[in-house]
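One-letter residues, chain by chain:
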Amino acid sequence: MTPTPELPAAAVAPRKSRKNNPEKTRENILQEAIVEFVQQGLSGARVDAIAERIHTSKRMIYYYFGSKEQLYVEVLEKLYGDIRNTETRMNLTALEPREAIRRLVEFTFDHHDQNVDFVRIVSIENIHNAEYVKQSDAIKAMNSNILEALGATLRRGAELGVFRAGLEPLDVHLLINSFSFYRVSNRHTFSEIFQIELSDEAIKQRHRAMICESVLRYLQA
């Protein structure tokens, strides 16, 4: 009897099945959705285009997110979550009040400067009158956390005599964010009208120092 020739190991070994990784799939969809919404806005964004980028199907995207609008809400939650989670990890309450405020201002300035997508998405959501932010309890909770930490820092500063009493955390939050946001959201028009290059490193550092000093002078006793 002729012996059966030995087959290569690859031919007899069972094929390993590809394991699904739902979290990775969701993250990939979200990352490509950010690109699509930033470039096209909510109205112009196409789920087909997102699916093409990650070589999947519309059906798969709808399986994870239900609709284009729900995907957009989760993009908002992700981008707000990125900045708020980092703020929480800064542990402002463990720092001397003036240092805590300086760290917060510098972080906010840098985050806006380095995350244009966040600025664009927030601008798009304002066009929609915050219709989709209203649908997210998570976004409201995230933003209340930073106000609580900021309020605690302002109270500590007042108790130590370095900040004046009666400061409103929301007002200080608005002061810090408005400058940091505006120089990114309006960078093209502002740069052209006033013939300034806002991306120039020396100008950027000057503005960073300016907003830090402005906020601290406003807070001081």
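Residues numbered from 1 in each chain as written. Predicted model: local features only at pLDDT ≥ 70, side-chain atom pairs only at ≥ 80, totals over all residues. Heavy atoms only, no water.

### Structural notes on the confidence of the model for the protein
So, point 1. Averaged over all residues, the pLDDT of the protein is 90; the fraction at 70 or higher stands at 91%.
So, point 2. Per-element confidence in the protein is highest for helix α11 (residues 201–219), whose mean pLDDT is 98, and lowest for helix α1 (residues 9–12), whose mean pLDDT is 40. (pLDDT = per-residue confidence, 0-100. Helix = DSSP H or I, 4+ residues; strand = E, 2+ residues; numbered from the N terminus.)

### Quick look at helix α4 (residues 58–65)
So, point 1. Of all the residues in α4, the buried ones are Ile61, Tyr64 and Phe65. The buried side chains of α4 occupy one side of the element, clustering within an arc of 80 degrees when seen end-on. Of the exposed residues in α4, those oriented more than 90 degrees away from the buried face are Arg59 and Tyr63.
So, point 2. Looking at the buried residues of α4, the elements they touch are α2 (22–44), α3 (47–53) and α5 (68–89).
So, point 3. Two residues or fewer after α4 comes Gly66, characterised by a positive phi angle close to 85 degrees. (Buried < 20%, exposed > 50% of the residue type's maximum accessible area, 1.4 Å probe, protein only. Arc of directions from axis to C-beta. Contact = heavy atoms within 4.5 Å.)

### Examining the packing of helix α9 (residues 169–185) against α11
So, point 1. Between α9 and α11, whose axes approach to 11 Å, the crossing angle comes to 165 degrees. Between α9 and α11, the angle falls in the class roughly antiparallel. The interaxial crossing formed by α9 with α11 has right-handed handedness. Counted together, Val172, Leu175, Ile176, Phe179 and Arg183 of α9 and Lys204, His207, Met210, Ile211, Val215, Tyr218 and Leu219 of α11 form the full contact between these two elements.
So, point 2. A class-by-class count of the residues in the contact of α9 with α11 yields 9 nonpolar, 1 polar and 2 charged. (Axes fitted to C-alpha atoms, helices over the stretch in contact; angles between N-to-C directions. Parallel < 35°, antiparallel > 145°, perpendicular 65-115°, else oblique. Left-handed = near helix turned anticlockwise from the far one by under 90°. Nonpolar A, V, L, I, M, F, W, Y, C, P; charged D, E, K, R; others polar.)

### Things to note about the UniProt feature "DNA-binding region" (unreviewed entry) in the protein
So, point 1. According to UniProt, the positions carrying the feature "DNA-binding region" (unreviewed entry) are residues 46–65.
So, point 2. Along residues 46–65 the backbone is 75% helical and 0% strand, and the end-to-end C-alpha distance reaches 14 Å. (UniProt positions renumbered as here; feature names shortened; annotations may be inferred.)

### Describing α11
So, point 1. In this model, α11 (19 residues) spans 27 Å end to end at C-alpha, consistent with the 27 Å of a helix rising 1.5 Å per residue.
So, point 2. Those residues of α11 lying buried are Ile203, Lys204, His207, Arg208, Ile211, Cys212, Val215, Leu216 and Leu219.
So, point 3. Check the buried side of α11 and you find it contacts α6 (97–114), α8 (137–160) and α9.
So, point 4. Two to three positions downstream of the cap, the backbone nitrogen of Ala202 sits 3.1 Å from a side-chain oxygen, assigning the N-cap of α11 to Asp200. (Expected span 1.5 Å × (residues − 1). Polar contact = N/O pair within 3.5 Å; in protein donor to acceptor, adjacent residues only side chain to side chain.)

### A closer look at the UniProt feature "domain: HTH tetR-type" (unreviewed entry) in the protein
So, point 1. Per the UniProt record, "domain: HTH tetR-type" (unreviewed entry) is annotated on residues 23–83.
So, point 2. End-to-end, the C-alpha atoms of residues 23–83 are 20 Å apart, and along that stretch the chain is 87% helix and 0% strand.

### Description of the packing of aromatic side chains
So, point 1. Applying the stated rule across the entire model yields 6 aromatic pairs.
So, point 2. Aromatic pair Tyr63 and Tyr64: ring centres 5.2 Å apart, planes at 85 degrees, arrangement edge-to-face.
So, point 3. Three or more aromatic residues link up through ring pairs in this structure, and these residues are Phe37, Tyr72 and Tyr132. (Phe/Tyr/Trp six-rings, centres within 6.5 Å; stacked < 30°, edge-to-face > 60°.)

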